[in-house]
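# Coordinates in review
Listed below, chain by chain, are the residues.
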Amino acid sequence: MSLPPESRRAGAILTVDLDAVAANWRLLRDLGRAQGRPVDCAAVLKADAYGLGAAPVGRRLWAEGCRSFFVAHIDEGIALRAALPEAWICVLNGLPSGTDMDLVEHRLVPALNDLGQVSAWRSCAQRVVQPLDAVIHLDTGMNRLGLNPDEAMLLANDRMRLRGLRLALLMSHLVSSERPADTINRAQLERFRQFVGRMPGAPVSLANSSGIFLGPDYHFDLMRPGAALYGINPTPDAANPMRPTVALMARILQVRQIEAMAGVGYNHEWRSGRPTRIAVVAAGYADGYMRSLGNRGEVAVEGHKAKVVGRVSMDLLTIDVTDLPEGLAVPGGFVELIGPNLPPDAVAEAARTNGYEILTSLGARYHRIYSGAAS
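Residues numbered from 1 in each chain as written. Predicted model: local features only at pLDDT ≥ 70, side-chain atom pairs only at ≥ 80, totals over all residues. Heavy atoms only, no water.

## Examining the pattern of salt bridges
For the structure on display, the rule yields 18 salt bridges. Across the pair Asp30 and Arg29 runs a salt bridge whose closest N-O atoms are separated by 3.0 Å. Among the residues examined, Arg29 registers a relative accessible area of 15% and is labelled buried. Across the pair Lys305 and Glu298 runs a salt bridge, and its minimum N-O distance is 3.7 Å. Relative accessible area serves as the criterion here: at 27%, Glu298 is assigned to the partly exposed category. (Salt bridge = Lys/Arg side-chain N within 4 Å of Asp/Glu carboxyl O. Buried < 20%, exposed > 50% of the residue type's maximum accessible area, 1.4 Å probe, protein only.)

Structural data, given as structure tokens:
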């Protein structure tokens, strides 16, 4: 494994392929354009671009032609604004009390999630004596954020509540888009269409990553992919159409021989059934490698799989390399934790979670290498 000199101290190395992220965005954008009408494609960069790094990902997607971005928190938006001075950036978590001038200062657009937020943002527009962009988020079934049906009806019947605001987007969020046969998808679509019909003139957005694959009925004017950009499968019952974007390699610190029935790690939750070679690897739950992968996960060494044995501890994990060809697992060598042999969705299945959590847990201690970065 060829590594840059600055990585020599690293316990683990995370490589992010920004060209693959860009290719995934183009694939999704082109799905929206397939019907021959203008459909734009945004990018969701919340949680530091799902763990990959919002600034480098955002700059690469901007160079690719993406102009609209979504984050969860205001501070995420402020950080992204420093990287993307001209981008349109929406804060999905809305308008917490007392934050309106932070949004104005950094040119961020709140997704307004209730009528109180609509009123507060309108008041802010009056104070700064300028129209402000607003996104109206309608709850069509998630029962999480967004205007409830009664609030939506009040707003549709009284558009004066929006005076002083530029209605930049009407949006909702799908509950079960990764399950195409789930009837809630069509029910949400119909509820959303009814609201949109009462609020003419504004751009419209419904499709998240998996929603894009539900077809053109869900595309509207702006698609909002997140996880699919980063290689997570948006169609779990079919082959993954997205390119992988990350590889995580961790260093072997030591290889030791143990006898049959010897315990490994805290509380000896795994014992060898035979004389065994154990490799100790420099990654643990402090790096986002989940404790639930103890005695369940796998790593790969030059394409050969090896089991994680014993508990995953804070800084270390242990693997059984007995059956690997001699000379593959050696101190100073590397094992693959995420990569071509172990995509995030496969790691997630072993950890009993989803690929979103695997990526967003990627730790700060990894040495990061970005390929395909925008100039």
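## A look at the packing of aromatic side chains
Scanning the entire structure with this criterion turns up four aromatic pairs. Consider the rings of Tyr50 and Tyr356, whose centres lie 6.0 Å apart with planes at 45°: the pair is tilted. Here the residue Tyr50 occupies a position in helix H2 (residues 46-50), and Tyr356 occupies one in helix H11 (residues 355-360), the gap between them amounting to 306 residues. Taking relative accessible area as the criterion, Tyr50 reaches 6% and is therefore assigned buried. Grouped by ring-pair contacts, the aromatic residues Tyr50, Tyr230 and Tyr356 constitute a single cluster. (Phe/Tyr/Trp six-rings, centres within 6.5 Å; stacked < 30°, edge-to-face > 60°. Helix = DSSP H or I, 4+ residues; strand = E, 2+ residues; numbered from the N terminus.)

## Focus: the environment of Pro343
Positionally, Pro343 belongs in the loop between strand S18 (334-338) and helix H10 (344-351). Residues Pro343 and Asn233, spaced 110 residues apart in sequence, show a C-alpha to C-alpha distance of 9.8 Å.

## Overview of unusual backbone geometry
In this structure, Ala47 takes a positive phi of about 55° despite not being glycine. Looking at the element boundaries, Ala47 is found in helix H2. Positive phi is not limited to glycine here, since Phe220 has a value of about 50°. Considering the arrangement of structural elements, one finds Phe220 in the loop between helix H9 (209-212) and strand S10 (222-223). A residue is classified by how much of its surface remains accessible, and Phe220, at 15% relative accessible area, is buried.

In short, shape yes, function no, at least from these values alone.
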